[in-house]
Amino acid sequence: MDTNDNALMLAARDGDLECFAELFERHHIRLWEFFYRMTGSRSDSEDLVQEVFLRMLKYRATFHADSQFRAWMYRIARNARMDRLSKGRAETPLGPESDAIPGSGAAPHTIVERAEHFSMLHRALMKLPEDKREILVLARYQEMKYEEIGELLNVEVNTVKVRVHRAMNELREIFMKLSNRKPLCDVKTSEPILRTT
């Protein structure tokens, strides 16, 4: 686990498929979470994860020593999803009852309250415009650095910061309208309202 992603991908590019398998182990769950938060569909997310790793293997020669692995991987992920949509394969989001229920071991009433909160958050996230949802998912859920997001989206770091701030404000407004109450915490600084797993 001490080898960084860039070094693993460079080795995979040069034919070491064990390194590629290690990258899959490290990133397939978070990649699935990215797709799920963008599409709302578990099955589409699974298909897209497979497609991304196939493309990464196929186009591994495009990864260079000065590349940033996560930005490169998410660029492929965005392209795979856009290709899927352009071919007319509509995304089929699941209803709120399909959301994961967090908090194993918690009291039943706590689980219900948290499930309602996370379901509401998921619905609010899905109501955001595509570009705002994507930048929030990348920054908050995927925990990408602003520099990585800037490289991925081909914009300046300050632009990323402004877009994240605006998307957070819009998410808060949507959440408040859906819930008819104040958020459980401040979306600017706190994680619970932004975490769905």
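Now for a quick tour of the structure. (Residues numbered from 1 in each chain as written. Predicted model: local features only at pLDDT ≥ 70, side-chain atom pairs only at ≥ 80, totals over all residues. Heavy atoms only, no water.)

**Observations regarding the nonpolar core**
What counts is decided by this rule: Side-chain atoms within 4.5 Å link the members of a nonpolar core, which is a set of buried Ala, Val, Leu, Ile, Met, Phe, Trp, Tyr and Cys residues. The cut-offs for exposure are 20% and 50% of the maximum accessible area for each residue type, with area from a 1.4 Å probe on protein chains only; residues under the lower value are buried, those over the upper are exposed, and the others partly exposed. In DSSP terms, a helix is any run of H or I states spanning at least four residues, a strand is any run of E spanning at least two, and both are numbered starting from the N terminus. Two residues form a contact once any of their heavy atoms are found within 4.5 Å.
Counting residues in hydrophobic clusters, the biggest one holds 46 residues, and the most contacted among them are Leu31, Val52, Met56 and Tyr74. The set of elements that each furnish at least two residues to this core consists of α1 (5–13), α2 (17–39), α3 (42–58), α4 (69–86), α5 (108–127), α6 (130–141), α7 (146–153) and α8 (157–179). Examining the composition of this core, we find that eight residues originate from one element, α4, more than from any other. Those residues in contact with tyrosine 74 that sit more than four places away from it in its chain are Arg30, Leu31, Phe34, Leu138, Gln142, Met144 and Leu152.

**So, the packing of aromatic side chains**
Selection rule: Aromatic rings from Phe, Tyr and Trp, taking only the six-membered ring of Trp, are treated as a pair when their centres fall within 6.5 Å; an angle between ring planes under 30 degrees marks them as stacked, one over 60 as edge-to-face, and anything in between as tilted. Our definition puts a charge over a ring when NZ of Lys or CZ of Arg is within 6 Å of the ring centre and also within 35 degrees of the ring normal.
This model, assessed by the stated rule, comprises eight aromatic pairs. On the basis of an interplanar angle of 70° and a centroid distance of 4.9 Å, the ring pair of phenylalanine 24 and phenylalanine 53 is categorised as edge-to-face. Pair noted here: phenylalanine 24 is in helix α2 and phenylalanine 53 is in helix α3, with a separation of 29 residues, a long-range link. Centroid distance phenylalanine 34 to phenylalanine 35: 5.4 Å. Interplanar angle 55°. Geometry classified as tilted. Each member of the pair, phenylalanine 34 together with phenylalanine 35, is buried. Stacked on the ring of tyrosine 36, the Lys or Arg arginine 42 has its end atom at 5.1 Å from the ring centre.

**Here we look at the environment of asparagine 6**
Basically, it comes down to this: Here a polar contact means two N or O atoms within 3.5 Å. Within protein one must be a hydrogen donor candidate and the other an acceptor candidate, and residues neighboring in sequence count only if both atoms are side-chain atoms.
With respect to the element layout, asparagine 6 can be found in helix α1. Take asparagine 6: its relative accessible area is 18%, and that puts it in the buried class. Put simply, asparagine 6 and aspartate 66 are 60 residues apart on the chain and 8.8 Å apart in space, counted from C-alpha to C-alpha. Those residues in contact with asparagine 6 that sit more than four places away from it in its chain are Phe63, Ser67, Gln68 and Phe69. There is a polar contact of 2.8 Å between the side chain of asparagine 6 and the backbone nitrogen of phenylalanine 69.

**A short note on the packing of α2 against α6**
Rules: To get an axis, a line is fitted to the C-alpha atoms, and for a helix only the part in contact is used. The angle between two axes follows their N-to-C directions and goes from 0 to 180 degrees. Each angle is binned into one of four classes, with values under 35 degrees roughly parallel, values over 145 roughly antiparallel, values of 65 to 115 roughly perpendicular, and all other values oblique. Left-handed is the label given to a crossing in which the near helix is rotated counterclockwise from the far helix by less than a right angle, and right-handed is the label when the rotation is clockwise. Note on residue classes: Ala, Val, Leu, Ile, Met, Phe, Trp, Tyr, Cys and Pro are nonpolar, Asp, Glu, Lys and Arg are charged, and everything else, Gly too, is polar.
Across the interface, α2 lies against α6 with an axial gap of 10 Å and an inter-helix angle of 150°. The orientation of α2 relative to α6 falls into the category roughly antiparallel. Between α2 and α6 lies a crossing whose hand is right-handed. Here α2 contributes Arg30, Phe34, Arg37 and Met38 to the contact with α6, which in turn contributes Glu130, Arg133, Glu134, Val137, Leu138 and Tyr141. For the contact of α2 with α6, the per-class residue count stands at five nonpolar, no polar and five charged.

**Quick word on the pattern of salt bridges**
Our working rule: The working definition used for a salt bridge is a side-chain nitrogen of Lys or Arg within 4 Å of a carboxyl oxygen of Asp or Glu.
Per the stated rule, a full pass over the model turns up twelve salt bridges. Put simply, aspartate 44 and arginine 84 hold a salt bridge, and the shortest N to O gap is 3.1 Å. Remark: arginine 84 occurs in helix α4 and aspartate 44 occurs in helix α3; sequence separation between them is 40 residues. An identical accessibility class is assigned to aspartate 44 and arginine 84; each is buried. As a salt-bridge pair, glutamate 130 and arginine 81 come within 2.3 Å of each other at their nearest N and O atoms. Residue glutamate 130 is found in helix α6, and its partner arginine 81 is found in helix α4; the two are separated by 49 residues along the sequence. Since its relative accessible area comes to 32%, glutamate 130 is described here as partly exposed. Among the ionic contacts, a cluster of salt bridges with common partners joins Asp5, Glu22 and Arg26.

Bear in mind that shape data such as this cannot, by itself, settle questions of function.
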